[in-house]
Amino acid sequence: MDENKMRSLIDPELLANYDASPGFDLFHLEEFKKSSYEQEKANLKDDPEVNVYEKMIPGPKGAPDIKLRIYEPAGRGVELLPCGLYFHGGGYVFGSVLRQNDLCVRMAKNVGMMVISVEYRLAPEYKAPAPLEDAYEALVWLDKNGSSIGADPSRIAITGMSAGGGITAALALMTRDRKGPKPVLQVPLYAMLDCRADSVSQKAVTSHKVWCYDYSKIGWGAYLDGEPDGYISPALAEDLSGLPPVFSYIGTVDPLLDENIEYWTRLIRAGVPVEYHIFPGCYHSFEISVPDSGYAKMAYGLLYNALRKAFGIKED
């Protein structure tokens, strides 16, 4: 769609951020990855209510070790806390455990949980399924060793946004099929699920100021290696039964809208409990970009409630 049409569809509270956005220069990927990481470091803010530290764990056989960035409520007691394993966004090609630091802090202090952000390998240096294998290794490690860092292995949610949402959905499939750990909830937010990237909503969003059709094509092109399957592109999975309950949301001005709606619908038909929300006028990662907007506050509140419910945390 043209720029005037795009702007007319965006929620007024998000317009200033949209207009000021430089977008993502994925056309010069290596340079952008470096500058993006520097920006992530510059954006870090401490919060006195949350302790943050990093830890290395073994990676998959023959692969590098995996960095975990761990968030926990300050002043926590000795009891084991529920835990969210988190996978950052970045189109499978950029980002780090620092990328959504603010979101991880918010979840830790507003839910009363631990959050463990996983530094998974990135394309194009590492093709699929390397990031997913890192994700599975981190989940298995948390299941076996979570109590050593104060996490409750019986209350693990898997969470992520965009590419991290795609990894979340794929991880739910992989751990089911490998008879691995059983998360109590999966939270794939506006997830990259379909490597074909040919839906109406994908082709409609063309502005480089926000995540768009061109970026999806670049990300998937860098990530894919050979014929994709349901672990690489969850939209291709044939059997969606027996998966953890789902919480998710997306905006109407997001290129990934169609594939998420279709995936949620298929999950429901497969008997998986699904709660999803669609926010009008919101583009990709709207709640990260403008956290004080009305729809962002609503999205965060719904997310916290879904996590509390899955963890069995009662409201005060």
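Residues numbered from 1 in each chain as written. Predicted model: local features only at pLDDT ≥ 70, side-chain atom pairs only at ≥ 80, totals over all residues. Heavy atoms only, no water.

*Asks:* Looking at this structure, I do not really get the pattern of salt bridges. What am I missing?
*Replies:* One side chain can pair with another of opposite charge once the charged atoms of both are near each other. Across all of its chains, the model carries 14 salt bridges by this definition. Note that Asp19 and Arg7 form a salt bridge whose closest N and O atoms lie 2.8 Å from each other. Here Asp19 is found in helix H2 (residues 12-20), whereas its partner Arg7 is found in helix H1 (residues 3-9), with twelve residues between them in sequence. On the basis of relative accessibility, which here comes to 36%, the residue Asp19 falls in the partly exposed class. Three or more residues are tied together by salt bridges with common partners; here these are Glu54, Lys67 and Arg69. (Salt bridge = Lys/Arg side-chain N within 4 Å of Asp/Glu carboxyl O. Helix = DSSP H or I, 4+ residues; strand = E, 2+ residues; numbered from the N terminus. Buried < 20%, exposed > 50% of the residue type's maximum accessible area, 1.4 Å probe, protein only.)

*Asks:* Is there a simple way to think about a negative patch on the surface in this case?
*Replies:* Among the surface-exposed residues, Asp25, Glu30, Glu31 and Glu125 lie close enough to one another that they form a single negatively charged patch. Locating Glu30 in the fold gives a position in helix H3 (residues 29-42). Glu30 sits in the partly exposed class, given a relative accessible area of 44%. (Patch = residues over 30% accessible without salt bridge, like charges linked within 9 Å, V, L, I, M, F, W, Y side chains within 5 Å. Areas by Shrake-Rupley, 256 points an atom, 1.4 Å probe, with all protein chains shown as cover. Lys, Arg positive; Asp, Glu negative; His and termini not counted. Charge placed at Lys NZ, Arg CZ, Asp CG, Glu CD.)

*Asks:* I'm lost on the packing of helix H4 (residues 101-112) against helix H11 (residues 294-311) in this one. Help?
*Replies:* Axis angle and axis distance: for two packed helices, these are the angle between their axes and the distance between the axes, and together they describe the pair. In the contact formed by H4 and H11, the axes pass within 10 Å of each other and the chain directions differ by 55°. Classed by the angle they form, the pair H4 and H11 counts as oblique. Crossing of H4 against H11: the hand is right-handed. For the pair H4 and H11, contact is made by Asp102, Leu103, Arg106, Met107, Asn110 and Val111 and by Tyr300, Leu303, Tyr304, Leu307, Arg308 and Phe311, respectively. Residue composition of the contact of H4 with H11, by class: eight nonpolar, one polar and three charged. (Axes fitted to C-alpha atoms, helices over the stretch in contact; angles between N-to-C directions. Parallel < 35°, antiparallel > 145°, perpendicular 65-115°, else oblique. Left-handed = near helix turned anticlockwise from the far one by under 90°. Contact = heavy atoms within 4.5 Å. Nonpolar A, V, L, I, M, F, W, Y, C, P; charged D, E, K, R; others polar.)

*Asks:* Got a minute to help me understand the pairing of strand E2 (residues 66-73) in this structure?
*Replies:* Regular strands place side chains that alternate from one sheet face to the opposite one. The element E2 is largely enclosed, with a buried count of seven among its eight residues. Examined bridge by bridge, E2 and strand E4 (residues 114-118) share four bridges and lie antiparallel to one another. Bridge pairing links Tyr71 to Val115 in E4. (Pairing = 2+ DSSP bridges.)

*Asks:* Help me understand helix H9 (residues 257-269), please; the structure alone is not making it clear to me.
*Replies:* Structurally, the α-helix is built with 3.6 residues per turn, so residues lying three or four positions apart point the same way. Between its terminal C-alpha atoms H9 stretches 19 Å, which fits the 18 Å expected from 13 residues at 1.5 Å a residue. For H9, the full list of buried residues reads Leu257, Glu259, Asn260, Tyr263, Trp264 and Leu267. The elements touched by buried residues of H9 are helix H6 (163-177), strand E6 (185-189), helix H7 (200-204), strand E7 (246-253) and strand E8 (274-283). (Expected span 1.5 Å × (residues − 1).)

*Asks:* Where do I start with the environment of Gly251 in this structure?
*Replies:* Looking at the element boundaries, Gly251 is found in strand E7. Gly251 gets classed as buried once you look at its relative accessible area, which sits at 0%. Taking the C-alpha atoms as reference points, Gly251 and His284, 33 residues apart in sequence, are found 6.8 Å from one another. With residues up to four places along the chain from it excluded, the contact list for Gly251 reads Leu257, Phe279, Cys282 and Phe286.

*Asks:* Looking at this model, I keep getting lost on a nonpolar patch on the surface. Mind explaining?
*Replies:* On the surface, Ile268, Tyr276 and Ile278 cluster together into a nonpolar patch covering about 250 Å² of accessible area. Accessibility expressed as a relative area gives 34% for Tyr276, which makes it partly exposed.

*Asks:* Sorry if this is basic, but what is going on with the packing of aromatic side chains here?
*Replies:* When we look at a pair of aromatic rings, we describe it by the centre distance and by the angle of the planes. Throughout the structure, instances matching the rule amount to 18 aromatic pairs. Ring geometry for Tyr18 and Tyr283: centres 6.1 Å apart, planes at 40°, overall tilted. With Tyr18 in helix H2 and Tyr283 in strand E8, the pair connects residues that are 265 residues apart, well separated along the chain. Here Tyr18 matches Tyr283 in class, with each residue buried. Summarising the aromatic geometry, the rings of Phe24 and Phe32 are spaced 6.1 Å apart at their centres and angled 85° between planes, so their arrangement reads as edge-to-face. The pair formed by Phe24 and Phe32 is uniform in burial state, with each residue classed as buried. By the ring-pair criterion, three or more aromatic residues cluster together here, those being Tyr190, Phe247, Tyr249, Phe279, Phe286 and Tyr295. When the ring centre of Tyr136 is taken as reference, the NZ or CZ atom of Arg178 above it lies at 4.8 Å. (Phe/Tyr/Trp six-rings, centres within 6.5 Å; stacked < 30°, edge-to-face > 60°. Lys NZ or Arg CZ within 6 Å of the ring centre and 35° of its normal.)

On their own, these measurements won't tell you what the molecule is for.
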